[in-house]
Amino acid sequence: MRVLPVFTILLSVASSCYSAEETMCSLPKPHYHRDASDPEWLAYAAQFHGHLGPWAAAGLRAGMAARCAVKADGYFDVDVTVEGPLVKPPHSCFLDGLQVSTGATLGKRNLNWLQAEKVVVRVRNTGSGQVVEVRPTDELIKLLASVKTRPKTATAASAHGRDEDHADLHFLEGIARWIATMPEKRILTVTFPKD
Ligand SMILES: [Zn+2]
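Residues numbered from 1 in each chain as written. Predicted model: local features only at pLDDT ≥ 70, side-chain atom pairs only at ≥ 80, totals over all residues. Heavy atoms only, no water.

**Student:** Looking at this structure, how should I read the layout of surface pockets?
**Tutor:** Its volume calculated, the largest pocket comes out at about 270 Å³. For the largest pocket, the lining is made up of 13 residues, of which Trp55, Pro85, Glu117, Val119 and Ile141 are closest to its centre. Counting residues per element, the ones that place at least two in the lining of the largest pocket are strand E4 (131-136) and helix H5 (138-148). Here the element with the most residues in the lining of the largest pocket is H5; it accounts for 4 residues. A class-by-class count of the residues in the lining of the largest pocket yields 8 nonpolar, 1 polar and 4 charged. (1 Å grid on protein atoms, 1.4 Å probe; cavity = no way out; pocket = protein on both sides within 12 Å on 5 of 7 lines; lining within 4 Å. Points joined across faces, edges and corners; volume = space filled by probe spheres on them. Helix = DSSP H or I, 4+ residues; strand = E, 2+ residues; numbered from the N terminus. Nonpolar A, V, L, I, M, F, W, Y, C, P; charged D, E, K, R; others polar.)

The following block contains the structure:
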């Protein structure tokens, strides 16, 4: 029996890997119309979540405020717990915003969600032990609630493919951009609980 030289076998494996890479599927395409003024982090969040919605934007801002307040780098030095009525979209989109802005994820098991009536985000810097609580202001709550009251239009498209989201994507993106750029004090309350 003829034995193939090792380098021939390696060459064959390498070439099959290369062709696999050529046909590799790319990332999913989000339902997102990028605006020239959108910062990179907002586009990244839309890529992660699948669209740019108000609840995801609120989660982004809350996570950013909390992480910066406890001076955490994010990803591996944070433990995030969020309480709130976040059972299903669009409310649960808040969780994806939080994942992007804190780096705490389902996979790393450092993001926890507890069902509750009101939203509060608790972030602990696992290095320093410092804890912060971030809550949406009445203004933000009213803004998020107002999204639901918009009547369905002929061009309405649900980002989640469900009927409960009656606003069209452009309208949702507009509100989300507003939330993403509003001054922090108007949309969030940041407090440091005492042990
Ligand atoms: Zn969403």
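**Student:** Explanation requested: the nonpolar core in the structure shown.
**Tutor:** For soluble globular proteins, the rule of thumb is that nonpolar side chains tend to be buried together. Ranked by internal contacts, the top residues of the largest apolar core, which has 45 residues, are Val80, Phe94, Val121, Val123 and Ile179. Looking at this core, the element that brings in the most residues is helix H3 (residues 54-69), giving 9 residues. Those residues within four positions of Val80 in sequence are excluded, and the remaining contacts are Leu98, Thr102, Ala104, Asn110, Leu111, Asn112, Val121, Arg122 and Val123. (Core = buried A, V, L, I, M, F, W, Y, C linked by side-chain atoms within 4.5 Å. Buried < 20%, exposed > 50% of the residue type's maximum accessible area, 1.4 Å probe, protein only. Contact = heavy atoms within 4.5 Å.)

**Student:** Whenever I open this one, the sheet that holds E4 confuses me. Can you help?
**Tutor:** The pairing of strands in a sheet happens through backbone hydrogen bonds and is either parallel or antiparallel. Overall, mixed pairing links the 5 strands, which are arranged E2-E1-E3-E4-E5 in an open sheet. Pairing within the sheet leaves two strands with one partner each, and these edge strands are strand E2 (111-115) and strand E5 (188-191). When the angles between neighbouring strand axes are averaged without regard to direction, this sheet yields 20°. With 5 bridges connecting them, strand E1 (residues 78-84) and E2 associate as parallel partners. By the bridge assignment, Glu83 is partnered in E2 with Leu114. Its contacts with the sheet place H3 against strand E3 (120-125), E4 and E5, and it is angled at close to 25° to E5. Where helix H4 (residues 93-102) meets the sheet, it contacts E1, E2 and E3, and its direction lies at approximately 160° from that of E1. (Pairing = 2+ DSSP bridges. Axes fitted to C-alpha atoms, helices over the stretch in contact; angles between N-to-C directions.)

**Student:** How should I be thinking about the packing of H3 against H5 in this particular structure?
**Tutor:** Contact geometry for H3 and H5: axes closest at 10 Å, N-to-C directions at 160°. For the element pair H3 / H5, the angle class is roughly antiparallel. Seen from H3, the contacting residues are Pro54, Trp55 and Ala58; seen from H5, they are Leu140, Leu144 and Val147. Tallied by class, residues from the contact of H3 with H5 come to 6 nonpolar, no polar and no charged. (Parallel < 35°, antiparallel > 145°, perpendicular 65-115°, else oblique.)

**Student:** What exactly am I supposed to notice about the side chain of Ser92 here?
**Tutor:** Following the sequence through the fold, Ser92 ends up in the loop between E1 and H4. The class for Ser92 is buried, based on a relative accessible area of 17%. The residues touching Ser92, leaving out its near neighbours within four places in the chain, are Leu86 and Val87.

**Student:** Explain the packing of aromatic side chains here, please?
**Tutor:** When we look at a pair of aromatic rings, we describe it by the centre distance and by the angle of the planes. For the structure shown, the criterion picks out 2 aromatic pairs. Between Trp55 and Phe94 the ring centres are 6.4 Å apart and the planes differ by 70°, which places this aromatic pair in the edge-to-face class. Taken together, the residues span a long stretch of sequence, with Trp55 in helix H3 and Phe94 in helix H4 at a distance of 39 residues. The class of Phe94 is buried, set by a relative accessible area of 4%. Judged by centre distance (6.2 Å) and plane angle (40°), the rings of Tyr75 and Phe76 are tilted. (Phe/Tyr/Trp six-rings, centres within 6.5 Å; stacked < 30°, edge-to-face > 60°.)

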